[in-house]
Amino acid sequence: MNILAQTQQTLDKELDEMNALIRRYLHTSNPMMNEVVAHYLQTKGKQIRPLLVLLSARMFGGVTEHTIHAAAALEMLHNASLIHDDIVDETKLRRGMATLNAIWGNHVAVLVGDFFVSNALAAGIATGNIQIIRALSDLGTELSLGEIDQISNARDHRFEEKAYLGMINRKTASLFMNCVRIGAQTAGASDEELKGMDRYAELLGLCFQIKDDIFDYFPDSRIGKPTGNDLREDKVTLPLIYALHNAPSPDAATALELLKRGNLSEEEIQELLLFARENGGIDYAFARMRQMQDEADAIILTYPESEWRERFRSLFDFIISRDR
């Protein structure tokens with residue numbers, strides 16, 4: 001049993017409560033909506049984000065009814081973003097199953113994604129906590145801007161680490177930060193107590209996205225997206241960015257020219273993936289994640305020793321070492 005499974009097992013009761021709550025929120029009198037939602041909920045994914053909510057609440061006092069509602073709200077908001085991403089990227093498979101847009105078309109998928117957003121807000125309102133409601137609203141903004149940043153970086157040919165990290169901060173880390181913050185708030189943590197954990201969660205989220213991006217450089221049938229898919233969608237990630245700035249000049253110039261030209265062929269995509277691998281891009285990405293983990297570890301060790309603090313540390317290890 002891996003680290004994630006162990007942590008999930010420890011919080012199994014709370015996760016079951018949250019998933020039951022999500023099903024209740026998403027149940028309607030419309031048979032078609034119920035069919036679409038039931039299909040989507042067949043596979044829950046890793047549920048790392050609600051797990052962070054629950055872990056944080058445990059670390060700062062305990063899980064309450066409001067914690068469960070907050071976890072459900074954040075999970076529904078996250079899933080809404082995945083549904084909309086699948087439409088934009090024309091993704092046909094997620095978690096080994098056909099996407100909503102592949103089965104029912106974009107029109108239905110957009111409406112279902114919006115339905116998830118509405119119910120995320122409803123779950124947030126049920127807490128009666130204006131901080132949680134505001135966080136959900138702000139998250140919608142950050143997730144949208146993260147996607148726009150990604151498009152802008154590609155169009156403006158901003159192949160720089162700083163721009164990449166800023167984009168994934170909004171696109172991924174912002175959600176991790178809010179999960180940890182909201183979980184702690186439902187347990188009564190103060191803003192002073194949360195200062196360090198905000199940065200910890202940010203580093204965790206950055207590493208999660210960097211590792212997710214690394215998968216795209218290697219063939220593996222277990223991964224939900226095909227190798228090179230990021231480049232097909234004009235997304236240039238950290239391993240390739242590093243290689244562009246550190247490979248021998250002629251090779252780097254050729255790669256940069258291909259990226260600026262766009263409309264890459266399958267052969268050119270594979271050439272760029274190989275270019276990144278052969279010029280230290282993957283090693284650099286892992287080194288950056290380990291640097292971030294060291295910074296995060298120094299932060300969390302300032303908090304009192306507890307089972308939940310150690311589970312946070314173990315989760316960081318899992319995120320960097322996971323194979324899918």
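This text goes with the structure placed above it.
Let me sum up the structure you'll find in this document. Keep in mind that this is a model prediction, so the values were computed, not measured. Residue positions are given per chain, counted from 1 along the sequence in the order it is written. The predicted origin of the model limits local features to residues at a pLDDT of at least 70 and limits the giving and counting of side-chain atom pairs to 80 or more, whereas totals for whole chains, interfaces and linings rest on all residues. Hydrogens and water are ignored here; the side-chain numbers use all heavy atoms of the structure.

1. Some words on the overall build of the chain
Per the secondary structure count, the chain includes 15 helices and two strands. Relative to a compact globule of 324 residues, whose C-alpha radius of gyration would be 20 Å, the chain shows 20 Å and is just as compact. In terms of overall dimensions, the chain has a C-alpha envelope of 60 × 50 × 35 Å along the principal axes. Contact criterion: two residues are considered in contact whenever any of their non-hydrogen atoms come within 4.5 Å of each other. Put simply, 76% of the contacts in the chain that link residues at least 6 apart link residues at least 24 apart. What sets the accessible areas is the Shrake-Rupley method with a 1.4 Å probe; for residues, cover comes only from the shown protein chains. A total of about 14800 Å² of accessible surface is found on the chain, and carbon and sulfur atoms cover 50% of it. Numbering of helices and strands starts at the N terminus; helices are DSSP runs of H or I of at least 4 residues and strands are runs of E of at least 2. Our radius of gyration looks at C-alpha atoms and nothing else; its globule reference is 2.2 Å times the residue count to the power 0.38.

2. Considerations on the packing of aromatic side chains
When two rings of Phe, Tyr or Trp (its six-membered ring) have centres within 6.5 Å they constitute a pair, described as stacked for plane angles under 30 degrees, edge-to-face for angles over 60, and tilted for the intermediate range. All told, the structure shown has six aromatic pairs when counted by the stated rule. Residues Phe60 and Tyr303 carry aromatic rings whose centres are separated by 5.8 Å and whose planes lie at 85° to one another, so their mutual orientation is edge-to-face. Here Phe60, found in the loop between helix H4 (48–59) and helix H5 (65–89), pairs with Tyr303, found in the loop between helix H14 (281–300) and helix H15 (307–321); they are 243 residues apart in sequence, far enough to count as distant. This pair shows no difference in class: Phe60 is buried, exactly as Tyr303 is. With a centroid separation of 5.9 Å and 85° between ring planes, the pair formed by Tyr200 and Phe312 is classed as edge-to-face. You can see Tyr200 sitting in helix H9 (residues 191–214) and its partner Phe312 sitting in helix H15, a full 112 residues away along the chain. Both residues of the pair, Tyr200 and Phe312, count as buried. Chaining the aromatic ring pairs together yields one cluster made of Tyr200, Phe312 and Phe316. In this structure, Arg49 is placed above the aromatic ring of Phe208, and the distance from its NZ or CZ to the ring centre is 5.0 Å. One Lys or Arg, Arg322, reaches over the ring of Phe208 and ends 4.1 Å from the middle of that ring. Residue exposure (1.4 Å probe, protein chains only): buried if accessible area is under 20% of the type maximum, exposed if over 50%, otherwise partly exposed. Sitting over a ring, as applied to charges here, requires NZ of Lys or CZ of Arg to be within 6 Å of the ring centre and within 35 degrees of the ring normal.

3. Some remarks on the packing of helix H11 (residues 238–246) against H14
Note on geometry: axes are C-alpha line fits, over the in-contact stretch for helices, and angles between N-to-C directions span 0 to 180 degrees. Two elements in contact, H11 and H14, have axes whose closest approach is 8 Å; the angle formed by their N-to-C orientations is 115°. As H11 packs across H14, the resulting crossing turns out to be right-handed. On H14, the residues touching Leu238, Pro239 and Tyr242 of H11 are Gly281, Ile282, Tyr284, Ala285 and Arg288. Put simply, a crossing is left-handed when the front helix is turned counterclockwise from the back one by less than a right angle, and right-handed when it is turned clockwise.

4. Comments concerning the packing of H11 against helix H13 (residues 266–278)
For the pair H11 and H13, interaxial distance at closest approach is 8 Å and the crossing angle is 75°. The angle between the axes of H11 and H13 places the two elements in the roughly perpendicular class. Facing Pro239, Leu240, Ala243 and Leu244 of H11, the residues of H13 in contact are Leu272, Phe275 and Ala276. As a working rule, the residues Ala, Val, Leu, Ile, Met, Phe, Trp, Tyr, Cys and Pro are called nonpolar, Asp, Glu, Lys and Arg charged, and the rest polar, with Gly in that last group. In terms of residue class, the contact of H11 with H13 is made up of seven nonpolar, no polar and no charged. Orientation categories follow fixed angle ranges, with anything under 35 degrees roughly parallel, anything over 145 roughly antiparallel, 65 to 115 roughly perpendicular, and all other angles oblique.

5. Notes on the environment of Leu54
If you trace the backbone, Leu54 turns up in helix H4. Between the C-alpha atom of Leu54 and that of Asn101, which follows or precedes it by 47 residues, the distance is 31 Å. Beyond its immediate sequence surroundings of up to four residues, Leu54 is in contact with Leu11, Glu14, Leu15, Val63, Thr67 and Ile68.

6. Concerning H11
Every buried residue of H11 is accounted for by Leu238, Pro239, Leu240, Ile241, Ala243 and Leu244. On the buried face of H11, the contacting elements are helix H8 (161–186), H9, helix H10 (229–232), helix H12 (249–261), H13 and H14.

7. Quick look at H12
Quick reminder: α-helices carry 3.6 residues per turn. Residues three or four places apart thus point the same way. In this model, H12 (13 residues) spans 18 Å end to end at C-alpha, consistent with the 18 Å of a helix rising 1.5 Å per residue. All of the buried residues in H12 are Ala252, Ala255, Leu258 and Leu259. Taken end-on, H12 shows its buried residues confined to a sector of 125°, consistent with a single buried face. Counted as exposed and oriented over 90 degrees from the buried face of H12: Ser249, Pro250 and Glu257. Residues of H12 that are buried sit in contact with H10, H11 and H13. Where H12 ends, the next residue or the one after it, Gly262, has phi of about 75°, a positive value. To estimate the expected span of a helix, count its residues, drop one, and scale the result by 1.5 Å. The directions from the helix axis to the C-beta atoms are what the arc is built from.

8. A closer look at empty space enclosed by the protein
A 1.4 Å probe that fits but cannot get out identifies a cavity on a 1 Å grid over protein atoms alone, an open set with protein on both sides within 12 Å along at least five of seven lines counts as a pocket, and a residue lines either if it has an atom within 4 Å of a point. Grid points are joined across faces, edges and corners, and a volume is the space filled by probe spheres set on the points. All chains considered together, the criterion is met by three cavities of 30 Å³ or more. The calculated volume of the largest cavity comes to roughly 130 Å³. Tyr40, Arg94, Ala98, Thr99 and Leu100 are the residues nearest the centre of the largest cavity, which is lined by 13 residues in total. Of all the secondary structure elements, the ones that give two or more residues to the lining of the largest cavity are helix H3 (31–40), H5, strand E2 (97–98) and helix H6 (100–125). It is H6 that provides the largest number of residues to the lining of the largest cavity, a total of three residues. Tallied by class, the residues present in the lining of the largest cavity amount to six nonpolar, four polar and three charged. The volume enclosed by the second largest cavity comes to roughly 100 Å³. Broken down by secondary-structure element, the contributors of at least two residues to the lining of the second largest cavity are helix H7 (130–155) and H8. Looking at the lining of the second largest cavity element by element, the count peaks at three residues for H7. Classifying every residue of the lining of the second largest cavity by side-chain character gives six nonpolar, three polar and three charged.

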